[in-house]
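Listed below, chain by chain, are the residues.
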Amino acid sequence: MIDAPSKRETLVAALSAVAAVAGSYVATGWSPSFVVAPVDQTIVNLTPGAIVTFMIENVGEAGHYVHIAMALGTVVAVFGLVSFAGLRLGRRLDQPLAGAVSGGVVWLLAVGLVGQPVSALAAAVPMAVFTVVGGFQTDAGTVDPGRRQTLGTLAAAVGFVGGAAIAGRLLHRTGPLDSAPNAEGAAARLNEADANELQLASTALPGLVSEIGEFYNVDIAEFDPEVTADEWSLTFTGNVGDERTLTYDELVDQPVENRLVTLRCVGEDLNGKKLDTAVWTGTPLRPFLDAADPQGECDCAMLHGEDGYSVQFPVDVLASGFLAWGMNGKELPTGHGHPVRVLIPGHWGETNVKWLTEIELLNTEEDGYWEQRGWEGTGEVKTVAKLWDDGITELDDGRIELAGHAYAGTRGISRVEVSTDGGSSWTDADLSKPLPDEDVWRQWRYTFDPDGSHDVVVRATDGDGTLQIEEETDSNPDGAAGWVERTVG
Ligand SMILES: Nc1nc2c(c(=O)[nH]1)N[C@H]1C(S)=C(S)[C@@H](COP(=O)(O)O)O[C@H]1N2
Ligand SMILES: [Mo]
């Protein structure tokens, strides 16, 4: 029988575990080589779809921190058990140095998790040192620390690592970006978009192009893959006449286009903010697809990202795709799929696979990551007109200006109407000048004299003349529908 751990043993084991995790973090930073990353990935993959969906709808971005906390907790618990075993071994052999075995075990675990023998040492060494030193102290029969002291030290240590990890995640998102190769044309497109904007006198409404740092972000994992341009390749696999691999140098050497493309996440709320536009530098996918010679029976393909993400949709939709390596003239940031992502015109955000590495031509349809979890987001976007807080402004002369963005994928936006009486009467809003791109939002603006409080409703009509769906539905499974309604004044 193993008797229960003493308070001191618990403390030593916990500190050793935290030190090992912290050591790994110092060595690798917030990257896929951090020992917590693969555990996090496993937790993400194992989380049942209903819970993932619930988190997206109710917890949002914070869901990431729940996953991170679970992954950190799991790794600290396992490392703690390893340290405890080392302490007991030392006691049994009457030689606390034997606790160093814990370091060896953690090294093996870390290598198993991230496959990097050298960076695994950064976890193994602190584990060995803390366990051995702690073993000598426990051995010397020092008085057990009080319960409060133990818990306090533990909480501080866990808080420290958690804080460092969250800081790492935040820091990781903002680094200086290099210019994208062959992206000289992007500047002209950015200027053109500026010129076509509705000049909004007084609002903080975002422009027609979103800043890179402001562009929304949806990732299944907390640890974005870090893929260099040299390492990257895209392979066409499965039912193809010619299995081919494309390198980054070959890709950027193709005829370059700079396209304004809007992305919208199927999981966002009706008036949510997961809708943004950038100028993307890239090249059409069709020539590569044709050369690969797709032959599968379903005429469908599964796209795979380096993070284990996948999405499946028809080959003829894929053929309209665009392989992008630049965003607003810069290289794609890590969080947006560095070095290459695909953009699928007019389809929900989830089809725009980041860190794209493989296009697999299938024989029968299969579910991708989100479809396995109950979403139906591989089709065309629904039409929406937004009215965010920053689009509601009281002007100096007392009038109220309402402004926002409307988006209908490749159908385009032909009209936005505003009602200030709860939908009884409608007036056309001004629209920003249309851009020549096929999959981009427009801005709308409407000004009125308020008379007390107004029940404002906004609705768009797409380029085919179809009015936005009135009936309100949730985002799950195939995107939020309904007219945005707000009380103003
Ligand atoms: N590899 C990979 N691609 C991905 C995702 C992902 O988690 N992994 N998220 C998808 C979803 S749901 C959306 S809405 C868009 C978001 O792209 P963004 O983060 O650049 O805004 O990327 C899509 N592509
Ligand atoms: Mo999404």
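Residues numbered from 1 in each chain as written. Chains lettered and ligands numbered in written order. Predicted model: local features only at pLDDT ≥ 70, side-chain atom pairs only at ≥ 80, totals over all residues. Heavy atoms only, no water.

To continue, consider a negative patch on the surface. Among the surface-exposed residues, Asp 230, Glu 231, Asp 249, Glu 250, Asp 253 and Glu 306 lie close enough to one another that they form a single negatively charged patch. Note on placement: Glu 250 falls in helix H9 (residues 248-252). Given the relative accessible area of 40%, Glu 250 is considered partly exposed. (Patch = residues over 30% accessible without salt bridge, like charges linked within 9 Å, V, L, I, M, F, W, Y side chains within 5 Å. Areas by Shrake-Rupley, 256 points an atom, 1.4 Å probe, with all protein chains shown as cover. Salt bridge = Lys/Arg side-chain N within 4 Å of Asp/Glu carboxyl O. Lys, Arg positive; Asp, Glu negative; His and termini not counted. Charge placed at Lys NZ, Arg CZ, Asp CG, Glu CD. Helix = DSSP H or I, 4+ residues; strand = E, 2+ residues; numbered from the N terminus. Buried < 20%, exposed > 50% of the residue type's maximum accessible area, 1.4 Å probe, protein only.)

What follows concerns the pairing of strand S5 (residues 300-305). Each regular strand displays side chains that alternate between the two surfaces of the sheet. Burial runs high along S5: five of the six residues are buried. Direction of pairing for S5 relative to strand S6 (residues 310-314): antiparallel, over a ladder of five bridges. Pairing of Met 302 across the sheet is with Gln 312, part of S6. Between S5 and S6, which pair antiparallel one after the other, the connecting turn spans four residues, and Gly 308 there sits at a positive phi close to 90°. Across six bridges, the pairing between S5 and strand S10 (residues 356-362) is antiparallel. Opposite Met 302, over in S10, you have Glu 360 as the bridge partner. (Pairing = 2+ DSSP bridges.)

A separate point is unusual backbone geometry. The omega angle of the peptide bond from His 338 to Pro 339 is 5°, so this bond is cis rather than trans. Within the secondary structure, Pro 339 sits in the loop between strand S8 (330-331) and strand S9 (341-343). Here the amide bond leading from Asn 476 into Pro 477 is cis, since omega sits at 5°, within 30 degrees of zero. With respect to the helices and strands, Pro 477 occurs in the loop between strand S18 (454-462) and strand S19 (484-488). For Asp 94, which is not glycine, the phi torsion reads 60° and is therefore positive. Structurally, Asp 94 is set in the loop between helix H4 (62-93) and helix H5 (101-114). Looking at Asp 94, the relative accessible area reads 59%, which means it is exposed. A positive phi angle is found at Trp 355, which is not glycine, with a value near 50°.

So, on to the side chain of Ser 31. Within the secondary structure, Ser 31 sits in the loop between helix H1 (7-28) and helix H2 (36-46). A relative accessible area of 6% places Ser 31 in the buried class. In contact with Ser 31, not counting residues within four places along its chain, are Ala 37, Phe 223 and Glu 226. (Contact = heavy atoms within 4.5 Å.)

Ordered by their spatial adjacency, four strands build an open sheet running S15-S14-S18-S19, and the pairing between neighbours is antiparallel. Each edge of the sheet is formed by a strand with only one pairing partner; in this case those strands are strand S15 (427-428) and S19. Examined bridge by bridge, S18 and S19 share five bridges and lie antiparallel to one another. When the bridges of S19 are listed, Val 457 appears paired with Glu 485.

What follows concerns the site of ligand 1. Around ligand 1 lies a shell of 18 residues, among which Tyr 216, Asp 307, His 336, Arg 341 and Lys 354 are the nearest. Between an oxygen atom of ligand 1 and a main-chain N or O atom of Ile 220, the distance comes to 2.8 Å. His 336 is positioned with one of its side-chain polar atoms (N or O) 2.6 Å from an oxygen atom of ligand 1. Its free accessible area being 530 Å², ligand 1 has 99% of it covered by the protein chains. When the residues that make up the shell around ligand 1 are grouped by side-chain class, the tally is nine nonpolar, four polar and five charged. (Near = heavy atom within 4 Å. Polar contact = N/O pair within 3.5 Å; in protein donor to acceptor, adjacent residues only side chain to side chain. Nonpolar A, V, L, I, M, F, W, Y, C, P; charged D, E, K, R; others polar.)

What follows covers the sheet that holds S10. Pairing is mixed across the open sheet formed by five strands, whose spatial order is S2-S1-S10-S5-S6. The sheet is open, and its two borders are formed by strand S2 (245-247) and S6, each paired with just one other strand. Looking at each pair of strands side by side, their axes are set apart by 15° on average, direction ignored. Note that strand S1 (residues 233-238) and S10 share four bridges and pair parallel. Across the sheet, residue Thr 235 finds its bridge partner in S10, namely Glu 358. (Axes fitted to C-alpha atoms, helices over the stretch in contact; angles between N-to-C directions.)

Residue pairs spaced three or four apart in an α-helix point in one direction, given the helix's 3.6 residues per turn. Along helix H8 (residues 186-196), the positions that sit buried rather than exposed are Ala 186, Arg 189, Ala 193 and Asn 196. Looking straight down H8, one finds that the buried residues subtend no more than 85° of arc, so they occupy a single side. The elements touched by buried residues of H8 are strand S3 (257-264) and strand S4 (275-284). (Arc of directions from axis to C-beta.)

Attention now moves to the environment of Ile 400. In this fold, Ile 400 is placed in strand S13 (residues 400-407). Judged by its relative accessible area of 6%, Ile 400 is buried. Setting aside residues up to four positions removed in sequence, Ile 400 forms contacts with Thr 393, Glu 394, Tyr 446, Thr 447, Phe 448, Pro 450, Val 488 and Gly 489.

Scanning the model with the defined rule gives 13 aromatic pairs in all. With 4.4 Å between their ring centres and 15° between their planes, Trp 30 and Phe 223 make a pair best called stacked. One end of the pair, Trp 30, is in the loop between H1 and H2; the other, Phe 223, is in the loop between H8 and S1, and 193 residues separate them in sequence. A centroid spacing of 6.2 Å and a plane angle of 20° characterise the contact between Tyr 446 and Phe 448, whose relative ring orientation is stacked. According to the relative accessible area criterion, Tyr 446 is buried, its value standing at 15%. Grouped by ring-pair contacts, the aromatic residues Tyr 25, Trp 30, Phe 34 and Phe 223 constitute a single cluster. Positioned over the ring face of Tyr 369 is Arg 373, at 3.7 Å from the centre of the ring. (Phe/Tyr/Trp six-rings, centres within 6.5 Å; stacked < 30°, edge-to-face > 60°. Lys NZ or Arg CZ within 6 Å of the ring centre and 35° of its normal.)

Below, the discussion takes up the pattern of salt bridges. All told, the structure shown has 21 salt bridges when counted by the stated rule. Arg 189 is the salt-bridge partner of Glu 192, the closest N and O atoms lying 2.7 Å from each other. Placement of the pair is Glu 192 and Arg 189 together in helix H8, with a separation of three residues, close to one helical turn. Residue classification places Glu 192 among the partly exposed positions, given a relative accessible area of 27%. Overall, Arg 189 belongs to the buried group, its relative accessible area being 13%. A salt bridge links Arg 411 to Glu 380, with the nearest nitrogen and oxygen atoms 3.4 Å apart. With Arg 411 in the loop between S13 and strand S14 (413-419) and Glu 380 in the loop between helix H12 (369-372) and strand S11 (384-385), the pair connects residues that are 31 residues apart, well separated along the chain. When its relative accessible area of 44% is taken as the criterion, Glu 380 is described as partly exposed. Members of the salt-bridge network, linked through shared partners, are Asp 3, Glu 9, Arg 88 and Arg 91.

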